[in-house]
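Below are the chains, spelled out letter by letter.
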Amino acid sequence: MSPWLTWLTPAIPLLLPWLVRDGSGMVQATVCSRWDRSVGLDDRGLSQEGEVVIGGLIPFHNLPPAPDLSFSQPPDLQACVNFQEEPLQWAHALVFAVDEINRNPFLLPGVRLGYRILDSCNQHPWSLRGALSLVSGGNIRCETTEISKLKSHPSSDCPVPLVIGDASSTQTIILARTLGPLSVPVISYQASCGCLSDRQEFPNFFRTIPSDVYQALTMARLTWLLGWTWVGAIAVDNDYGRLAIQVFEEEIRGTGVCLAFFETLNRANLVRDVKRAADTVQASTARVILVFLWYTDMGALLLELGRRNVTDRQFLASEAWSTSGQLLRNPALFNVAQGVVGVAIRSAPIPGFEAHLRSLNPSRRPGDVLLKELWETVFGCSPGAAHGHGTSLLPSPLPPTPSVSLPHTPPPTSSSPRPLLASCSGAETLEGVQSPFTDTSQLRITYNVYLAVYAAAHALHSLLSCPQRHSPTWGSSFTCSLPYNISSAELLQHLNQVNFTTPLGEPFYFRGADVPAVYDLVNWQATPQGLLKLVTIGRVDGSNLLINQSAIQWNTGTNTVPVSVCSDSCPPGTRVARKKGEPVCCFDCISCSEGEVSNTTGSLQCDRCPLEFWSNSHRTACVPRQLEFLSFNDVMGVTLTTVAVCGAVATVAVFVFFVYHRHTPLVRANNSELSFLLLLSLKLCFLCSLVFIGRPSVWACRIRQAAFGVIFVLCLSCLLVKTIVVLAAFRSARPGAGQLMRCFGPVQQRGSVFLFTSVQVIICAVWLSMSPPLPYRDLGLKGSKVILECEVGSVVGFSLVLGYIGLLASLCLLLAFLARKLPDNFNEAKLITFSMLIFCAVWISFVPAYISSPGKYADAVEIFAILASSFGLLLCIFAPKCYIILLRPERNTKKHMMSK
């Protein structure tokens, strides 16, 4: 079994003492068995004695050694490899803060703080073992020892009352759960998992870094602000990565932003997972990738993408790698990592810290193993070697960047041959040296460690300060403790109440386990030297997000925001149509229907235009509907006008022709007065059809129907009287019927016409006075036009007008039909019969056609009926007479007319 997989080993008590009391009551350890065989791990760290010792866990190395597969000895944890400079800077922030506090006469006066910092290796077995070593006292020898003497001689081997660490959320969760029953406070400087905010599950946990919840919320707001709706996600396969993506998904729900894919990376299978994630990124259409990874894992992914020449992706970085100096300094990542935008832990200065770092050297701290490893990394020599060449303290050759070696180089083993380095005195100076260790331009995690120490110091100060009897705090639940008798449970209570002002003058307090969310927004920008530099482009303070978009350099090298969408936004005039079974960000664009518009980009629906408006051809705006009516400019209007004028002209011609031949027997025999009146009414019938053409107005609507009704009744009255005259003439020839014609002479004929016409005039007058026809805008029909027509007003009135016309036509047809066979060479009744048949056929067909015709076509139907019936009367009654007068004059004689 691999030593880093034997996670149960650190949980075994480091010491198993058998405690007995002697006669004086003194507790002694009579039997002691050491179960932990990894004794050397406690020496690979930093320590300083003090009356109160603070514990620390920092990942100085990030790779475990190769496992011993010989199975010749029990498994134990070996020292890790792949030294890192940044974590050593974090550790010295703790050292520097402790030194500051010890020199501060107002904070913990009379109490000397110490520290004990161990390597957590960024792996939970080492982290858990180190924590248990810290809280148990560590390397206490298995000898008969008076426990009370351990307390009377404070040293770095005393149990620590609290632990500052670890860097990873997963390791910190394990620590908090393990140390929770012991009420040992855990203050993390980098564990940002939102799950750690649960005070029920982690009552002993605190942190000086904001929760990932705020970071995920910030990234969601950035994607929405920058218009990215199609985003991929890659996260480390642990609580840190999965919970951050979960919060991100919850925040973007309902905002139109979708996850194109979600890949996880596990460090145990990093090479395989990196290839799988790179395949997904390369195949996806998403151009923006959200990444929650540790910087070493991200380096491996960026190298793989660079190898595939996938350089057109925009990365949104989490705080775990957004400020990584190793990635920024790696020239192999220039093309693929340019333009990264990330959320970073806020940066703050620590006065005097850079001078502290540059003053360090191994000659002054000969027992500092970590400082010797730093010297080997920075100067390439082994300090303190006895010969011309020394043996490196590093277990294996140090790769130039972890991101390069991690996915391709197998972990080195502790048994690997150690490289020979040139010896050096260790008195070399770090002044002028530019390295991650000495770079204090942007102190982020380092400042979090610094704050964690001050938070612990203020809690200890509160705990160790004894209130006087006259003080308002006398009698509180907090008790006064001595430095050698600090209770972790009491210290935990005081940590919950911590509220102080930092050396920078900022207020500091815990809200549960968390601190107020403050982030920097950073951008990786190219330099003329072909390298990447970190530029701050904004800040997040609570719910306030400030960003200078013009200062951002994107992956294209320009200031143009990259586009990452599944489907392009629907232009105005269209709407979004969801694709079944696909995310809401993937959709089709469908044009709006007629009468609907959308004037914005990405509209979810089209809006219907108001009744008097219609959509334009592009469906982007509502325009007023065009008024439609039968006008003199329409082809139909021109045609009907021409036909009506021709009919009127023909009627006038016949009238003139009959006036000219008024003395001929044919004209005189057919009641010339009524014929002239009939021709006049027919002329008016042709002309009244023109009233139905043109823009409807109040008077036009009233005149057209009244004129139509009265003129047609006048025409039919003339025909009816002519028919009655024919019947009366033949009846009067019978014996005893001579008085019939005298009773129906010209005066009575004119009176009958006037009487029949007056009835229609009365009907029209009542109709127009009670409910007259009025102009009406018909908005019910779909289309870009409004039908302007004359509404009949009273349907009863209109029906009476048509009914009276139908009554007269029916009577005329009936009487003409009865007189059709009367003996005469020219029986006009036959002609009236044919004309009435045409008239009735036209108007019977008119009713359904008129009802079913919309708008101006209804007027055209009525005009057609007027013209058709008028031409029928004109042709059937007067055409035969004109034929005889012009072409058969021999029949236009009295003799012929009187013959049988």
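Computed from a prediction, not measured in an experiment: that's the story for all the values here.

## Some remarks on the state of the cysteines
Here is step 1: Counted according to the given criterion, the structure contains nine disulfides.
Here is step 2: What pairs with Cys-570 in a disulfide is Cys-589, and their sulfur atoms sit 2.1 Å apart. Measuring the twist about the S-S bond at about -95 degrees, one finds the Cys-570-Cys-589 disulfide to be left-handed. Here Cys-589 lies in strand β25 (residues 587-591) and Cys-570 lies in the loop between β23 (544-547) and β24 (574-578), a separation of 19 residues in the sequence.
Here is step 3: The exposure class assigned to Cys-570 is buried, which follows from its relative accessible area of 0%.
Here is step 4: Of all cysteine sulfurs, the one in Cys-715 lies closest to Cys-685, which takes part in no disulfide; the gap is 4.8 Å.

## Here we look at the confidence of the model for the chain
Here is step 1: Confidence along the chain averages 81 in pLDDT terms, with 83% of residues attaining 70 or more.
Here is step 2: Here residues 141-156 is modelled with pLDDT under 50, and outside its nearest four sequence neighbours on either side it reaches 33 contacts, counting other chains as well.
Here is step 3: Low pLDDT (under 50) marks residues 386-417, which in the prediction has 70 contacts with non-local residues, meaning those over four places away or in another chain.

## Let's talk about the UniProt feature "transmembrane region" (unreviewed entry) in the chain
Here is step 1: Mapped onto this structure's residue numbering, the UniProt feature "transmembrane region" (unreviewed entry) falls at residues 635-660, 672-694, 706-730, 751-770, 795-819, 831-851 and 863-887.
Here is step 2: Measuring from the first to the last C-alpha atom of residues 672-694 gives 36 Å, for a span that is 74% helix and 0% strand.

## What to know about the nonpolar core
Here is step 1: Judged by nonpolar contacts, the single largest core of 73 residues is most densely connected at Ile-234, Met-298, Phe-315, Trp-321 and Trp-524.
Here is step 2: Ranked by the residues each element gives to this core, the list is headed by helix α9 (residues 295-307), at seven residues.
Here is step 3: Beyond its immediate chain neighbours, meaning those up to four positions away, Ile-234 contacts Phe-261, Glu-263, Leu-265, Ala-277, Val-281, Ile-289, Leu-290, Val-291, Phe-292, Leu-293 and Leu-301.
Here is step 4: One finds Ala-97, Tyr-115, Phe-206 and Ile-445 within the second-largest nonpolar core, a separate group that totals 69 residues.

## Structural notes on the packing of aromatic side chains
Here is step 1: Taken as a whole and assessed by the stated rule, the structure comprises 25 aromatic pairs.
Here is step 2: Here Phe-658 and Phe-878 contribute two aromatic rings whose centre-to-centre distance is 5.4 Å and whose plane-to-plane angle is 80 degrees, an arrangement assigned as edge-to-face. Here the residue Phe-658 occupies a position in helix α17 (residues 635-660), and Phe-878 occupies one in helix α25 (residues 856-887), the gap between them amounting to 220 residues. With respect to class, Phe-658 is no different from Phe-878; both count as buried.
Here is step 3: Centroid distance Phe-712 to Phe-839: 5.6 Å. Interplanar angle 40 degrees. Geometry classified as tilted. Placement of Phe-712 in helix α20 (residues 698-732) and of Phe-839 in helix α24 (residues 828-852) is noted, with a sequence separation of 127 residues between them. Neither Phe-712 nor Phe-839 differs from the other in exposure class; each is buried.
Here is step 4: By way of ring pairs, the aromatic residues Phe-708, Phe-712, Trp-767, Phe-798, Phe-839, Trp-843, Phe-846 and Tyr-850 are connected into one cluster.
Here is step 5: Sitting above the plane of the Phe-206 ring, Arg-199 keeps its charged end 4.9 Å from the centroid.

## As for the sheet that holds strand β9 (residues 186-188)
Think of a sheet as strands paired side by side through backbone hydrogen bonds, with each pair either parallel or antiparallel.
Here is step 1: With mixed pairing, the six strands of this open sheet are ordered in space as β3-β7-β4-β8-β9-β10. In the strand order of this sheet, the two ends are held by β3 (45-48) and β10 (205-207), each with one partner.
Here is step 2: Both β3 and strand β7 (residues 113-119) contribute to a ladder of four bridges, which runs antiparallel. Opposite Gln-48, over in β7, you have Tyr-115 as the bridge partner.
Here is step 3: Strands in contact with helix α5 (residues 169-179) are β4 (52-58), β8 (163-164), β9 and β10; relative to β9, the strand with the most contacts, it is inclined by about 165 degrees.

Thresholds, definitions, all that
Each chain carries its own residue numbering, running from 1 in the written order of its sequence. Side-chain atom pairs in this predicted model are given and counted only at pLDDT of 80 or more, local residue features only at pLDDT of at least 70, and totals for whole chains, interfaces and linings cover all residues. To obtain the side-chain values, all non-hydrogen atoms of the structure were used and water was disregarded. In this description, the term disulfide denotes a pair of cysteine sulfurs within 2.5 Å. Segments assigned H or I by DSSP are reported as helices when at least four residues long, segments assigned E as strands when at least two residues long, and all are numbered from the N terminus. Burial classes: relative accessible area under 20% of the type maximum marks a residue as buried, over 50% as exposed, and values in between as partly exposed (1.4 Å probe, protein chains only). The predictor's confidence in any single residue is recorded as pLDDT, a number from 0 to 100. For this analysis, residues touch if any pair of their heavy atoms sits within 4.5 Å. UniProt positions are given in the numbering used here, feature names are shortened, and annotations may be inferred rather than shown by experiment. Among buried residues, those of type Ala, Val, Leu, Ile, Met, Phe, Trp, Tyr and Cys that are joined through side-chain atoms within 4.5 Å constitute a nonpolar core. Only centres within 6.5 Å qualify two rings of Phe, Tyr or Trp (six-membered ring in Trp) as a pair; their planes then separate them into stacked at under 30 degrees, edge-to-face at over 60, and tilted for everything else. Placement of a charge over a ring requires the Lys NZ or Arg CZ to be within 6 Å of the ring centre, with the centre-to-atom vector within 35 degrees of the ring normal. A pair of strands counts as paired when DSSP detects no fewer than two bridges linking them. Only the stretch in contact is used when fitting a helix axis, every axis being a line fitted to C-alpha atoms; angles between N-to-C directions are given from 0 to 180 degrees.

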